[in-house]
Amino acid sequence: MARKRKTDGRTPRRALWFRTLIAITACGAAVGGLAAYRTLSDDTATERPVTMDEASRLALSRLNLYQASPLTVALTATEGGGVVVRVKGVVDYRTHRAVGSYQITGSSGASGASAPAGGQLDHGLIVWDTGGLGLAPEPKGDSRPPWQQAEHIPRSGWSARSYTTDPLDAGLQLLIELGADRPDNPLLLAQSGARRLGSDRIDGRDYERFAGPRAQGATPGAGPDGGRSPLTYWVDSDGGLRRVTMRMPGLGTPTTVEFSGRDGRAKLPEAPWGTG
């Protein structure tokens, strides 16, 4: 993961693409490394359009994230070539900021680094918001949560950059955009192609698995996935969102985001978003 300085350029087309994917209306997006989560799948379920009750619960999921902030999250992204990036942290949807730690593992020679097969290639602290991300080394001997460690790193200690199109950046951008301060319109959601895919049991709780609305301009039944959204959501009976996966072109393993509940202690630092 190269630590490049942030550029002034932005990618409006990509931002629009994310808003279209993530939005749970027409106007608006089982992974390795998370083996601790036990999932029992209902593989006999028949894929079908969502009912209005299902659409209503899906429409509440982004508001529920917002209201529960700050939330503990974990992200796993496969970069190709045997490289896997894992991020664990906290996201606050009221400020659209997140902070955590990252770890990159892979085989010897991946990304120009030398490491044993499956060994660690890099690790550190990571912060991100709607505009991009920043990386910094972890302070040695500091066992505090990443949000506390990050608070004591000056702005000059962060290497910041805009988002790229790689799986990690796509996953971080997806994650930061998921929460919303109002529910979505369930009728528009149902009309824009959301589908029920089945049900799973995760850590003793039942979740229904939904494909999100189709991307803008997608033709139903067309393409390798039948025009289905690349995003899949796991939602409980109260509209609580537990997991989201995003299929990336050319990669067999989707990028996965897991939500593990509220962390009321977390206070996200100002740096590197502050002006000081």
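Our subject is the structure that appears above.
In this report, we go over the structure that sits alongside the text. (Residues numbered from 1 in each chain as written. Predicted model: local features only at pLDDT ≥ 70, side-chain atom pairs only at ≥ 80, totals over all residues. Heavy atoms only, no water.)

Here the focus is the overall build of the protein. Along its length, the protein carries five helices and 13 strands. Every one of the 276 residues in the protein was classed for burial, and the buried ones make up 49%. Carbon together with sulfur atoms contributes 50% to the accessible area of the protein, which is approximately 12900 Å² in total. (Helix = DSSP H or I, 4+ residues; strand = E, 2+ residues; numbered from the N terminus. Buried < 20%, exposed > 50% of the residue type's maximum accessible area, 1.4 Å probe, protein only. Areas by Shrake-Rupley, 256 points an atom, 1.4 Å probe, with all protein chains shown as cover.)

The next point concerns the environment of Pro49. Following the sequence through the fold, Pro49 ends up in strand β2 (residues 48-49). Each C-alpha atom of the pair Pro49 and Phe210 lies 9.3 Å from the other, and the pair is 161 residues apart in sequence. Residues contacting Pro49, with those up to four places away along its chain left out, are Glu54, Ala194, Arg195 and Arg196. (Contact = heavy atoms within 4.5 Å.)

To continue, consider the pattern of salt bridges. On inspection of all chains with the given rule, the structure shows 18 salt bridges. We note a salt bridge from Glu47 to Arg195, for which the minimum N-O separation is 2.7 Å. Separated by 148 residues along the polypeptide, Glu47 in the loop between β1 (39-41) and β2 and Arg195 in strand β9 (residues 195-202) bring together distant segments of the chain. Between Arg48 and Glu54 there is a salt bridge, with its nearest N and O atoms 2.7 Å apart. Arg48 gets classed as partly exposed once you look at its relative accessible area, which sits at 29%. (Salt bridge = Lys/Arg side-chain N within 4 Å of Asp/Glu carboxyl O.)

Turning our eyes to something else, we now look at the packing of aromatic side chains. Per the counting criterion, the structure on display carries zero aromatic pairs. One cation-aromatic arrangement involves Arg94 over Tyr66; the distance from NZ or CZ to the ring centre is 5.1 Å. When the ring centre of Trp234 is taken as reference, the NZ or CZ atom of Arg243 above it lies at 5.2 Å. (Phe/Tyr/Trp six-rings, centres within 6.5 Å; stacked < 30°, edge-to-face > 60°. Lys NZ or Arg CZ within 6 Å of the ring centre and 35° of its normal.)

Ranked by internal contacts, the top residues of the largest apolar core, which has 42 residues, are Trp128 and Phe259. For this core, the leading source of residues is helix α4 (residues 167-177), giving six residues. Val99, Leu125, Ala136 and Leu268 belong to the second largest nonpolar core, which has eleven residues in total. (Core = buried A, V, L, I, M, F, W, Y, C linked by side-chain atoms within 4.5 Å.)

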